[in-house]
Amino acid sequence: MNLEKNVQVKQPKYQQIAVDLASKIVEKKYQIGDKIYARSSLASQYNVSAETARRAIAVLQDLEIVEASKGSGVIIKSYEMAARFVRQFQDVQSVHELQNELLISIQKQQQELLHLQEKTKQLISRTEHFRSVNPFIPYQIEMTADSPCIHQTLQELNFWQNTSSTIVGIRRGNELLLSPGPYASIEEGDIIYFIGNDESLGRVQSFLYPN
């Protein structure tokens, strides 16, 4: 069953009254053999109809917590049954509270996920726009021993002819070589900075790491 977000699940009024009376028995405010108020007085005390008060007494009678008769009224019968009823009610309330907390947590997570998705879309959109208006932002790729291009110069590699990309810098350790000439070599551990179009990164990766 699906419930709307703001719907609150409440116990029937007569059940709340029954639990309250049972709690008073457990708290020794009523003793075994004591008489409870007449139904009309009970209705007035809890500000409910006489029918609601009758139902509350009927619940306690069904659970053998009280004994009701026309002549003797409502008499407290069992402390143990009252304690059991209160414990069961508290257990049910605890389950309901945990369920509500879980639903609230799930709703918050869903909201946070939607927020994250929206921010991700914005970031992607702005990144694409930024690159479109700033085409000279370089890509970068790290050279490892797996590349067959290690120890070769840019002239030997015909880098631009094979990739349609231009190397604008090579970082080696703490040094950055800007606008390297055709005789600059590529070594293991180098970070290569290059510029090109949207397909450049894939072409350069395929060229430097063909396997």
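Residues numbered from 1 in each chain as written. Predicted model: local features only at pLDDT ≥ 70, side-chain atom pairs only at ≥ 80, totals over all residues. Heavy atoms only, no water.

- Per an unreviewed UniProt entry, the recorded name for the protein is GntR family transcriptional regulator, and the organism is Lysinibacillus mangiferihumi.

### Focus: the packing of aromatic side chains
Right, so step 1: Under the criterion given, the structure shown has 2 aromatic pairs.
Right, so step 2: An angle of 25° between the planes, with centres 5.7 Å apart, marks the rings of Tyr 139 and Phe 194 as stacked. Here Tyr 139 is found in strand E4 (residues 139–142), whereas its partner Phe 194 is found in strand E7 (residues 191–195), with 55 residues between them in sequence. With respect to burial, Tyr 139 and Phe 194 carry one shared label: buried. (Phe/Tyr/Trp six-rings, centres within 6.5 Å; stacked < 30°, edge-to-face > 60°. Helix = DSSP H or I, 4+ residues; strand = E, 2+ residues; numbered from the N terminus. Buried < 20%, exposed > 50% of the residue type's maximum accessible area, 1.4 Å probe, protein only.)

### A few points about the side chain of Ser 165
Right, so step 1: Mapped onto the fold, Ser 165 is located in the loop between helix H6 (159–163) and strand E5 (166–172).
Right, so step 2: Of note is the side chain of Ser 165, whose polar atom sits 3.3 Å from the side chain of Ser 200.
Right, so step 3: Setting aside residues up to four positions removed in sequence, Ser 165 forms contacts with Phe 159, Trp 160, Phe 194, Ile 195, Ser 200 and Val 204. (Polar contact = N/O pair within 3.5 Å; in protein donor to acceptor, adjacent residues only side chain to side chain. Contact = heavy atoms within 4.5 Å.)

### Quick notes on the environment of Arg 171
Right, so step 1: Checked against the element boundaries, Arg 171 lands in strand E5.
Right, so step 2: Setting aside anything within four residues of it in sequence, one finds Arg 171 in contact with Leu 176, Gly 189, Asp 190, Ile 191 and Tyr 193.

### Examining the pattern of salt bridges
Right, so step 1: The final tally for this structure, using the stated rule, is 6 salt bridges.
Right, so step 2: A salt bridge links Asp 20 to Lys 24; the nearest nitrogen and oxygen atoms lie 3.6 Å apart. One end of the pair is Asp 20 and the other is Lys 24, both in helix H1 (residues 13–26) and 4 residues apart, which spans about a single turn.
Right, so step 3: With a relative accessible area of 17%, Lys 24 lands in the buried category.
Right, so step 4: Across the salt bridge formed by Arg 172 and Asp 190, the nearest N and O atoms sit 2.7 Å from each other. Of this pair, Arg 172 sits in strand E5 while Asp 190 sits in the loop between strand E6 (175–178) and E7; the two residues are 18 residues apart in sequence, bridging distant segments of the chain.
Right, so step 5: The network of salt bridges with shared partners includes Glu 51, Arg 54 and Arg 55. (Salt bridge = Lys/Arg side-chain N within 4 Å of Asp/Glu carboxyl O.)

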